Amino acid sequence: MTTKLLSAQKPEDLSLAAELLRRGGLVALPTETVYGLGANGLDEAAVAKIFAAKGRPQDNPLILHISQPDEMTRFCRSIPQTAWLLAEHFWPGPLTMVLPVKDTVPKRTTAGLDTVAVRCPETAATRQIIRLAGVPIAAPSANLSGKPSTTTAGHVLHDMDGKIDAIVDGGPCRVGVESTIVDLTGRRPRLLRPGGITPEMLQGLLGQLDIDKAVVAQISDDTVVHAPGMKYKHYAPAADVVIVSGSREDAAAYIRRHWQAPNAVLCFEEELPLYGGLNPTAYGRQAEPETLSAGLFAALRKLDDSAIGTIFARCPEGGGIAYAVQNRLRKSAGFHIVDAARTP
Ligand code: TXA
Ligand code: MG
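Here the structure is a predicted model, which is why all the values come from computation and not from measurement. (Residues numbered from 1 in each chain as written. Chains lettered and ligands numbered in written order. Predicted model: local features only at pLDDT ≥ 70, side-chain atom pairs only at ≥ 80, totals over all residues. Heavy atoms only, no water.)

A. Region of interest: the pairing of strand β6 (residues 115–119). Counting buried positions along β6 gives 5 out of 5 residues, so the element sits mostly inside the fold. Side chains Thr115, Ala117 and Arg119 project from β6 onto one buried face, and the interleaved Val116 and Val118 project onto a second face that is buried too. Pairing analysis gives 5 bridges linking strand β5 (residues 95–100) to β6, with the strands arranged antiparallel. Paired with Leu99 across the bridge in β6 is Val116. (Buried < 20%, exposed > 50% of the residue type's maximum accessible area, 1.4 Å probe, protein only. Helix = DSSP H or I, 4+ residues; strand = E, 2+ residues; numbered from the N terminus. Pairing = 2+ DSSP bridges.)

B. Region of the structure containing the sheet that holds strand β14 (residues 280–282). Read across the open sheet, the 5 strands follow the order β14-β13-β15-β12-β16; overall the sheet is parallel. Among the strands making up the open sheet, the edge pair consists of β14 and β16 (337–339). On average, each strand axis in the sheet is inclined to that of its neighbour by 25 degrees, with strand direction left out of account. Where strand β13 (residues 264–267) and strand β15 (residues 310–313) come together, 3 bridges link them in parallel fashion. From the neighbouring strand, Ala264 faces β15, where its bridge partner is Ile311. Against the sheet, helix α12 (residues 321–332) touches β12 (240–245), β13, β15 and β16, its axis set at about 130 degrees to β12. (Axes fitted to C-alpha atoms, helices over the stretch in contact; angles between N-to-C directions. Contact = heavy atoms within 4.5 Å.)

C. Highlighting the pairing of β12. The element β12 is extensively covered by neighbouring structure, given that 5 of its 6 residues are classed as buried. When β12 meets β15, the two strands line up parallel, connected through 4 bridges. Its bridge partner being in β15, Ile243 is matched across the sheet by Ala313.

D. Focus on α12. Helix length check: α12 (12 residues) gives 17 Å between terminal C-alpha atoms against 16 Å at 1.5 Å per residue, within 8%. Among the 12 residues in α12, 11 count as buried, and that is most of the element. Taken together, the buried positions of α12 are Ile321, Ala322, Tyr323, Ala324, Val325, Gln326, Asn327, Arg328, Leu329, Lys331 and Ser332. Trailing α12 by a residue or two, Gly334 shows a phi angle of about 55 degrees, which is positive. (Expected span 1.5 Å × (residues − 1).)

E. Just the pattern of salt bridges, in detail. Within this structure, the stated rule accounts for 15 salt bridges. Ionic pairing is found between Asp159 and Arg301, a salt bridge with its closest N-O pair at 2.8 Å. Placement of the pair is Asp159 in helix α7 (residues 153–160) and Arg301 in helix α11 (residues 289–302), with a sequence separation of 142 residues. Arg301 carries the same exposure label as Asp159, and that label is buried. Notably, a salt bridge pairs Arg190 with Asp212, separated by 3.1 Å at the nearest N-O pair. (Salt bridge = Lys/Arg side-chain N within 4 Å of Asp/Glu carboxyl O.)

F. Region of the structure containing α11. Helix length check: α11 (14 residues) gives 20 Å between terminal C-alpha atoms against 20 Å at 1.5 Å per residue, within 8%. Considering bend angle alone, the principal kink of α11 is centred on Gly295 and spans about 45 degrees. Those residues of α11 that sit buried are Thr291, Leu292, Ser293, Gly295, Leu296, Phe297, Ala299, Leu300 and Arg301. Of the surrounding secondary structure, the elements contacted by the buried residues of α11 are α7, β13, β14 and α12. (Bend = angle between axes of the 7 residues up to and from the residue.)

G. Layout of the sheet that holds strand β8 (residues 166–169). The strand order across the open sheet built from 11 strands is β1-β8-β2-β3-β7-β4-β6-β5-β9-β10-β11, with neighbouring strands paired in mixed fashion. Looking at the sheet topology across the chains shown, the edges are occupied by β1 (4–7) and β11 (210–211). Of the strand pairs in this sheet, strand β4 (residues 63–65) and strand β7 (residues 137–138) are connected by 2 bridges, and their pairing is antiparallel. Along β7, the bridge assignment pairs Leu64 with Ala138. In the packing of α7 onto the sheet, contacts are made with β2 (27–29), β3 (36–40) and β8, and the angle to β8 comes to roughly 165 degrees.

H. Structural detail: the packing of helix α1 (residues 11–22) against helix α6 (residues 124–133). At their nearest, the axes of α1 and α6 sit 8 Å apart, and the two run at 50 degrees to each other. Classified by the interaxial angle, the pair formed by α1 and α6 is oblique. α6 is crossed by α1, and the crossing has right-handed handedness. Contact residues: Leu14, Ser15, Ala17, Ala18, Leu21 and Arg22 in α1; Ala125, Gln128, Ile129, Leu132 and Ala133 in α6. Residues that form the contact of α1 with α6 fall into these classes: 8 nonpolar, 2 polar and 1 charged. (Parallel < 35°, antiparallel > 145°, perpendicular 65-115°, else oblique. Left-handed = near helix turned anticlockwise from the far one by under 90°. Nonpolar A, V, L, I, M, F, W, Y, C, P; charged D, E, K, R; others polar.)

I. Representation of unusual backbone geometry within the structure. Omega for the bond connecting Trp91 with Pro92 falls within 30 degrees of zero, at -5 degrees, which places this linkage in the cis form. Following the sequence through the fold, Pro92 ends up in the loop between α4 (81–90) and β5. Cis rather than trans, the peptide bond between Ala261 and Pro262 has omega equal to -5 degrees. Here Pro262 is to be found in the loop between α10 (248–258) and β13. The backbone of Ala111 shows a phi angle near 55 degrees, a positive value even though the residue is not glycine.

Have a look at this one:
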């Protein structure tokens, strides 16, 4: 199959994308978080193609994308007041809510769970495509399973050329990491994946928020997890990633002691001068954490080269969007973190 390249700027391309989706095709769509690999979320055969194109495990459910908040009522059995409150404040935007599912949604989309993840994305062109298609769009990140998510149409083309019907190019994604996922089916709201809607924003509105253990630690294959996707190896370049924590000086000294060709360094722009000759790549500025989230996956993809042995990575600390960046980087490192001040 030839993968068509469409533009989010052209109304006729949005109509064509909607038509391809309505006919059961696969179309990659731009969102403010990452590119999504979209299919009609109510069409089992179309959804099956998503799993095939990505090489995605069948037990990993998909997010259903809607064009406006009230469409939740078509797919969710019961919607707590909290969900409407979150929708009012953060939709359209980088937030996904897990709610009880109606049987209008096929099992392939939810991987047989009795819940469904729903999200109303910020990107207007994509909401327009969903509206024109007239169906909710199931869309995981548009990368090969296990690889870093895609934040440009070029990344999608790299992973999906010839496997999908079309890619709608909407430019680079603003946030750069996947949406925040909050499970609203329990007694208290639970954060399953941090993202652009930060824990502080959620706590500020809800007053309470549990953090799922999959957010902070490595999950083994046999553990029951709330977001099935959390247990898989994720965001991983071919090389081993090691996070080096500690002060700028301690980290640079540690990395200089351990670096051997052909290793690489993934660091903050402010630190580039410390890593001359050590194959450094900066992914954003430490002082502006939203540049780190916007640049992380592009940098991990650039470093996805089987010739590189180890990538020494610098990771931001703290809350806000830095919390999401830290989560993705720790996962790509398999939670391998060394403390530069205490490690010889
Ligand atoms: O920003 C995003 O959310 C992007 C864009 C395309 O919207 N999508 C995305 O999808 O990141 P994906 O499939 O790469 O990640 C979805 C995550 C997975 O970890 C999956 O296990 C979890 O959401 N998930 C989906 N349905 C769920 C459910 N009913 N309960 C708990 N977790 C669910
Ligand atoms: Mg993904």
